[in-house]
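A look at the structure
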Amino acid sequence: MFDMVKRWYWYDWFMFIIRLVCSISLVFTTIELQQYFTLPIAVLVLWQLIAFSVPWLCLQLDYKYYLITEIVISGGLCLYLASFFPQAYFSFLLYAFLIAAHSAKRTYLWSGPVSILLLPAIIKLIAEQSEYWVMAVHIGLAYVFGFSFHLLALNHRQGETIREQNAVLEQYLSQIERITLAEERNRLSKELHDTVGNAYTSLIMGLETLRPELSTNTGVERLDSLLDLARQNMEEVRGYVHQIESPHEALPLLQSLRKLAEEFQEHAKVTVRFHAYGVEYPLTKQAKTALYRCLQESLTNAVRHGHSTEIKVSVQFEPQQTRLEVQDNGRGIEHGREGFGLSAMKERAMNLQGHVAVYTEPGEGTLVTCTLPRQTELKDEAIRLLVVDDQPFFRESLRTLLEEQQDLQVVGMAEDGEQAIELCGQLQPQLVLMDLEMPNVDGISASRTIKETWPHIRILILTTFEDTKQALEAMRSGVDGYLLKSMQPLELAETIRTVYRGGTLIDQGMSHKMFAQLEAENSGDDSSLNKALSAYELTPRELEILQFVSKGLRYKSIASKLYLSDGTVRNYASSAYMKLGVRNREEAVQKAREAGLLE
């Protein structure tokens, strides 16, 4: 109720005040003339209090309820008073004004005749000395004034709505302009990276392949000079690429999000409350952009679709993940309605192994939660890498791409598993990027030996082969990740950081194939289970997570068993809970068992 009062305009206060003043005046008049009435004065005063409060309370719910209660309760009071004093019909002029002011649509067809024609007719019957047409004219004029006031208020309300929508539209256009500019910067930086950067990489690779063909010292020196020049120019191009970034990307996350919230509050004329919990730690550029875009879209949707007046934004820096929550007090979003902005938010989060959840109920607002696993760039230390591949061109290209990241350092390169084992003893790398098919000693055998000798060294398989049997054998040998060479360089860098910190990652497509193969080997086709899976649209991986959860395992234990990171397991579990329509693991296990998904 208080929230409704806060949104009142001047005309709402005007009608409330004149209603209050006239009601108080009528109470005092009734008390002065109490000896003329048959009802006790306490009953009359209570009736007048009900006539003041009940229709007004009904007005806060629905104007139709107000019209009925106003005519019945207030009109009945005026009829009773007019039966003793015919001039008491003047007290109904206020109510006629208010009835007209609050009528809308087709209610005029019955509220007008009842107020102007029927009520004077009843007063004429109970007070014969009254003039019917005089009363009808007076009440009719009050009704016309009320209708005119209604038009004035309606025009003002529409004007306010238009101004609010214009403010939201201006804010939205401003965001679109910033997003477009940012996307254009990103496109330009990618074009520079993919064209000029790759051109220099190919040039360096080509020059390196000429080294064995040179026989004179002069030729070798000239080749080294050309290589140094190419690498120097590539560093300059890299510097240009890093300078082309959005302004918010250069700011700390909290500062950029708080600035966005303040700008939105100023332009959209809504209250945005911003809170941060935990100690802020550095995030990757991709994670900062994803959270920034999520807040942008959530704020815009809260006003455009939810018509919210108050939005609460909270950022939580947790040890294993970063969480952004945006909650509004609007009317909610229709179920099943997922626009481009929401789809883009979910896609950005999924690319970072995160999750976006939207909880909404009609009339109860919307809660948007964006959770990203903690993947920070290590600015104070560099991860020491060993690249193992039998293709010289790929080794050099991979080294060039990885060293674009400030926290990645390639300390050595090997052409087969035997040389990789030797270099691990000499260089003590922290992580090995291992190919599978190589001469002398293959990647699986080399990985097994390295893990037995130096268990602290992390191993990430990077191959072109999608053989599930080979992948399973590699995971059993103790490797910490299995990826395909077709992945993007930025994704590879993020994966290296995750694996270095203790996570285990497998290419999503490969993990589905591996799981399907294990399922085919361990169990036959169960039609009832397939129907249950189809009903809730659960993926095999989500079902596997639920099976482990039902056994009481924690996410960290599940991650180690499935060779996944803790954050990835949490994302699968959250997705399964959302599909099942539950809030926690206990409800999920119970509902999964009832549906026949679990034994």
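What comes next is a walk through the structure.

Rules used throughout
- Residues numbered from 1 in each chain as written.
- Predicted model: local features only at pLDDT ≥ 70, side-chain atom pairs only at ≥ 80, totals over all residues.
- Heavy atoms only, no water.
- Pairing = 2+ DSSP bridges.
- Helix = DSSP H or I, 4+ residues; strand = E, 2+ residues; numbered from the N terminus.
- Axes fitted to C-alpha atoms, helices over the stretch in contact; angles between N-to-C directions.
- Contact = heavy atoms within 4.5 Å.
- Buried < 20%, exposed > 50% of the residue type's maximum accessible area, 1.4 Å probe, protein only.
- Patch = residues over 30% accessible without salt bridge, like charges linked within 9 Å, V, L, I, M, F, W, Y side chains within 5 Å.
- Areas by Shrake-Rupley, 256 points an atom, 1.4 Å probe, with all protein chains shown as cover.
- Salt bridge = Lys/Arg side-chain N within 4 Å of Asp/Glu carboxyl O.
- Parallel < 35°, antiparallel > 145°, perpendicular 65-115°, else oblique.
- Left-handed = near helix turned anticlockwise from the far one by under 90°.
- Nonpolar A, V, L, I, M, F, W, Y, C, P; charged D, E, K, R; others polar.
- Arc of directions from axis to C-beta.
- Polar contact = N/O pair within 3.5 Å; in protein donor to acceptor, adjacent residues only side chain to side chain.
- Disulfide = S-S within 2.5 Å.
- Core = buried A, V, L, I, M, F, W, Y, C linked by side-chain atoms within 4.5 Å.

A word on the sheet that holds strand β2 (residues 310-317)
The sheet built from five strands is open, its strands ordered β1-β2-β3-β5-β4 with mixed pairing. Only two strands of the sheet have a single neighbouring strand rather than two, namely β1 (271-277) and β4 (355-360). Each adjacent strand pair in this sheet contributes to an overall mean axis angle of 10°, direction not counted. Where helix α9 (residues 253-268) meets the sheet, its contacts fall on β1 and β2, and the angle it forms with β1 comes to roughly 170°.

Remarks on unusual backbone geometry
Non-glycine residue Gln-428 carries a positive phi angle of around 50°. You can see Gln-428 is positioned in the loop between α13 (417-427) and β8 (431-434). For Asn-440, which is not a glycine, the phi torsion comes out positive at approximately 65°. Position of Asn-440 among the secondary structure elements: in the loop between β8 and α14 (443-453).

Examining helix α5 (residues 91-102)
Within α5, 11 of the 12 residues are buried, which leaves the element mostly enclosed by the surrounding structure. Along α5, the positions that sit buried rather than exposed are Ser-91, Phe-92, Leu-94, Tyr-95, Ala-96, Phe-97, Leu-98, Ile-99, Ala-100, Ala-101 and His-102.

Things to note about a nonpolar patch on the surface
Taken together, Leu-20, Ile-24, Phe-28 and Ile-31 make up a surface patch of nonpolar side chains, about 340 Å² in accessible area. Structurally, Ile-31 is set in helix α2 (residues 10-32).

Points about the packing of helix α3 (residues 41-61) against helix α4 (residues 63-82)
α4 packs onto α3 with a crossing angle of 165° between their chain directions and a minimal axis gap of 7 Å. Considering their axes alone, α3 and α4 lie roughly antiparallel with respect to each other. Viewed along their axes, α3 and α4 form a crossing whose handedness is left-handed. On the side of α3, the interface is formed by Leu-44, Trp-47, Gln-48, Ile-50, Ala-51, Val-54, Pro-55, Cys-58, Leu-59 and Leu-61, while α4 contributes Tyr-63, Tyr-65, Tyr-66, Thr-69, Glu-70, Ile-73, Ser-74, Gly-76, Leu-77 and Tyr-80. Residue classes in the contact of α3 with α4 are distributed as 15 nonpolar, four polar and one charged.

Notes on α14
Residues of α14 that are buried: Gly-443, Ile-444, Ala-446, Ser-447, Ile-450 and Lys-451. Projected onto a plane normal to the axis of α14, the buried residues spread over an arc of 160° and lie on a single side. Residues of α14 that are buried make contact with α13, β8, β9 (458-463) and α15 (468-476). The backbone nitrogen of Ile-444 lies 3.1 Å from a side-chain oxygen of the residue at the head of α14, namely Asp-442.

Points about the state of the cysteines
Tallying each qualifying case throughout the model produces zero disulfides. With no disulfide of its own, Cys-294 lies closest to Cys-370 among cysteine sulfurs, the gap being 4.2 Å.

Here we look at the nonpolar core
Of all hydrophobic cores here, the largest spans 37 residues; its most connected members are Leu-81, Phe-92, Leu-98, Ile-99, Ile-123, Tyr-143 and Phe-149. Secondary structure elements with two or more residues in this core: α2, α3, α4, α5, α6 (108-126) and α7 (132-210). In this structure Tyr-143 touches Ala-96, Ile-99, Ala-100, Ser-103, Tyr-108, Ser-111, Gly-112, Ser-115 and Ile-116, once residues within four positions along its chain are discounted. Membership of the second largest hydrophobic core comes to 35 residues, among which are Tyr-281, Val-303, Met-345 and Leu-372.

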